[in-house]
Amino acid sequence: MTHSKPVLTKPILWFLTITTGLIVANIYYNQPLLGLIAKDFNVAESNVSKIAMLTQIGYAVGLFLIIPLGDKVSRKKLILLSMCLTIFLLIGIATATQLTVLCGFSFVLGIVSVIPQLFVPMVAELSPDNKRTQNIGMVMSGLLIGILASRMLSGVVGDAFGWRTMFYIASVLMLVTTLCIYAFLPTTQPNFTGTYKSLLQSVVHFAKTEPILQLASFRGAMGFAALSAIFTNLVFHLEEAPFYADASIAGMFGLAGAVGAIAAASVGKLATYFSKNNIITAAIGIILMSWLFTLGAGYTYWGLAVGFILIDFGLQSTHIMNQSVFFAINLKASSRLNTVYMVSYFTGGSLGTFLGAIAWEHYKWTGVCTVGILFTLCALLAHVLFAKRTVD
C-alpha cells in the first residue's frame, strides 16, 4: 500500500519553525540562571556549570537513541510522547531541592528535548529540491533563535521572579505546544523496516562510510563548541568588572545573536550563485574574525553585541549549509544522517562548555576567547584540507 506524501505548506513550515524554537529553548534556560542556582544551593559556580554540560550530553544521547526512530516509527507519536516527558521533567527541575536531583533531571531533559531534530528531516523530505536548503534554513533559524531568545527570557524571569519560575513557565509553554502538535503536525510514514538494533547499526555505518557527512559533522561540532564556550561563561564575565551586570543582561545578548541567526536564514539563496564549499569557507572565516574581535572588544557592551551577531551569523550559515550537503546523500535515511551530525554537534557543545569552564576558572575572558578561536581554527583547517570530498 502506498501513502501520499504530505504537502509542506507555508503555514506548516512556519509552525515547525516556531515550535522548534520553543522546544529547543528548554535546554538553554539554565545557562543565564547558573549564578542564581549557585547562590540558591550555596555552591561554587564551577559546581553548577555541570548542569549545562549534562543537559547537552543528554541531548547528544537522545539524538543517538531517539532520532533514528524517526525513520522507523511514526514521528508524530514519537514527538508527542517526548513532549509529555518534557513537561514532567520541567516541573521536576522547578521543584528540585538537591543539586544532584537537578543535574539528573537536566540530563534526562536533554535526552527528550531532541524533538526539533525530528522536524528537520521531515522538512528535508517534504521540500522540493529547489527549496530544500531554504526551508531547512528557516527551521534551523527557528532553532537558533530559540536557543538565543531562551537566554534572554530566562535571564529576565530569573532576576525578577527567581530561577524556578522560569521552568514553571516552560512547562506551561510545552503543554500548549503539545496540544498544537497533536492538532496540526502532519503524519509521515517511516522509511525503515528493520529492527531497532539494525537501525542503530545503520547510523554507525553512515558515520563510518560517508566522508561528506564526517566533514560536515566535524565542522558543526567545532563551531558549536566555540559558541557554547562563550555562552556558558558570559554570565560570569558580566558579573565582573567593568560590567557588574545581572543575569537579565546576559540573557539580552541572545537578542544580538538572534539578529545574526535571522540574517543567516537567507544564506540558502546564495547556493544558487556560489558553491556550497565557498559559502562554508566564508562563514567559518567570519566566525574566526568574530572571535578575534570579541577577544579585544569583549570588555564593552557594544563589542560583545557585535561579536555575538557575527559569531551567530557565521555559525548558523555553516550549520544550514552542512545540513543541505549531507541530507542530499540519502533522503530516505534523513533522520539517521541527522543523528550522526547532531550527535557530533552537541558533543562538541558539551566539550566547549567543559573546556570553556576550565578556561574561565584559570584565565577568565581571555581563556574563553582562546578556546573559541582554537575550535574555529580546527573547523577551518579540516574544511580546507578535506572539502574537495564534498560534491557541490
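All of these numbers come straight from a predicted model, not from anything done at the bench. (Residues numbered from 1 in each chain as written. Predicted model: local features only at pLDDT ≥ 70, side-chain atom pairs only at ≥ 80, totals over all residues. Heavy atoms only, no water.)

## Notes on the overall build of the protein
Quick reminder of the rule: The helix and strand labels rest on DSSP assignments: H or I over at least four residues marks a helix, E over at least two residues marks a strand, and numbering proceeds from the N terminus. Using C-alpha atoms as the atom set, the radius of gyration is obtained and then compared with a globule rule of 2.2 Å times the number of residues to the power 0.38. For the exposure calls, accessible area comes from a 1.4 Å probe over protein chains only, and a residue counts as buried if that area is under 20% of its type's maximum, exposed if over 50%, partly exposed in between. Note on contacts: a residue pair qualifies if any of its non-hydrogen atoms lie within 4.5 Å across the two residues. Method for areas: the Shrake-Rupley scheme with a 1.4 Å probe, in which residue coverage is limited to the protein chains shown. When charges are tallied, Lys and Arg are placed among the positive residues and Asp and Glu among the negative ones, while His and the ends of the chain are skipped. Positions of charges follow a simple convention, taking NZ of Lys, CZ of Arg, CG of Asp or CD of Glu.
A tally of regular secondary structure across the protein gives 14 helices and zero strands. When the elements of the protein are put in sequence order from the N terminus, they spell out α-α-α-α-α-α-α-α-α-α-α-α-α-α. In summary, the protein has a C-alpha radius of gyration of 20 Å against a globular reference of 21 Å for 392 residues, a match within 12%. By its C-alpha atoms, the protein is 65 × 45 × 35 Å across when sized along the principal axes. Evaluated residue by residue, the protein yields a buried proportion of 59% over its 392 residues. Of the contacts formed within the protein by residues at least 6 apart in sequence, a portion of 84% connects residues at least 24 apart. Only carbon and sulfur atoms are counted for the fraction: they give 70% of the accessible area of the protein, which is about 15300 Å². Considering the protein, the positive charge centre built from 22 side chains and the negative charge centre built from 13 side chains are found 15 Å apart.

## As for the side chain of Ser171
If you trace the backbone, Ser171 turns up in helix H8 (residues 163-184). Judged by its relative accessible area of 8%, Ser171 falls in the buried class.

## Structural notes on the nonpolar core
The condition that has to hold: By nonpolar core is meant a set of buried Ala, Val, Leu, Ile, Met, Phe, Trp, Tyr and Cys residues that side-chain atoms within 4.5 Å join together.
Ranked by size, the top nonpolar core spans 124 residues in total, and within it Leu16, Leu102, Ile181 and Phe346 carry the most contacts. Here this core gets 17 residues from one element, more than from any other, and that element is helix H14 (residues 334-386). The contact partners of Phe346, leaving out residues within four places of it in the chain, are Ile27, Tyr28, Gln56, Tyr59, Ala60, Leu63 and Phe224.

## Side note on the pattern of salt bridges
The condition is simple: Any Lys or Arg side-chain nitrogen located within 4 Å of an Asp or Glu carboxyl oxygen qualifies as a salt bridge.
Here the structure, examined in full by the defined rule, presents five salt bridges. When the shortest N-O distance is used, the salt bridge between Asp71 and Arg336 registers 2.8 Å. Residue Asp71 is located in the loop between helix H3 (45-65) and helix H4 (75-95), and its partner Arg336 is located in helix H14; the two are separated by 265 residues in the primary sequence. Exposure class is identical for Asp71 and Arg336. Each is buried. Taken together, the shared-partner salt bridges in this structure form one network comprising Asp71, Arg75, Glu125 and Arg336.

## A look at the packing of aromatic side chains
The criterion, for reference: The criterion for an aromatic pair is that two Phe, Tyr or Trp rings (for Trp, the six-membered ring) have centres within 6.5 Å, with stacked assigned to planes under 30 degrees apart, edge-to-face to planes over 60 apart and tilted to the rest. Counted as over-ring charges are cases with an Arg CZ or a Lys NZ within 6 Å of the ring centre that also lie within 35 degrees of the ring normal.
Counted by the stated rule, this structure contains 11 aromatic pairs. Ring centres of Phe15 and Phe184 lie 6.0 Å apart, and the angle between their planes is 70°; on these two criteria the pair is classed as edge-to-face. Within this pair, whereas Phe15 is found in helix H1 (residues 10-24), its partner Phe184 is found in helix H8, the two being separated by 169 residues in sequence. Looking at Lys76, its charged tip hangs above the ring of Tyr182, at a distance of 5.9 Å from the centre.

## Some points on a nonpolar patch on the surface
Which entries qualify depends on this criterion: Each patch groups residues whose relative accessible area exceeds 30% and which form no salt bridge, using 9 Å between like charges and 5 Å between nonpolar side chains of Val, Leu, Ile, Met, Phe, Trp and Tyr.
Residues Trp14, Ile18, Leu22, Ile169 and Leu173 make up a contiguous nonpolar surface patch of roughly 430 Å² in combined accessible area. The set of elements that each furnish at least two residues to the nonpolar patch consists of H1 and H8. Element by element, the count of residues in the nonpolar patch is highest for H1, at three residues. Within the fold, Ile18 resides in helix H1.

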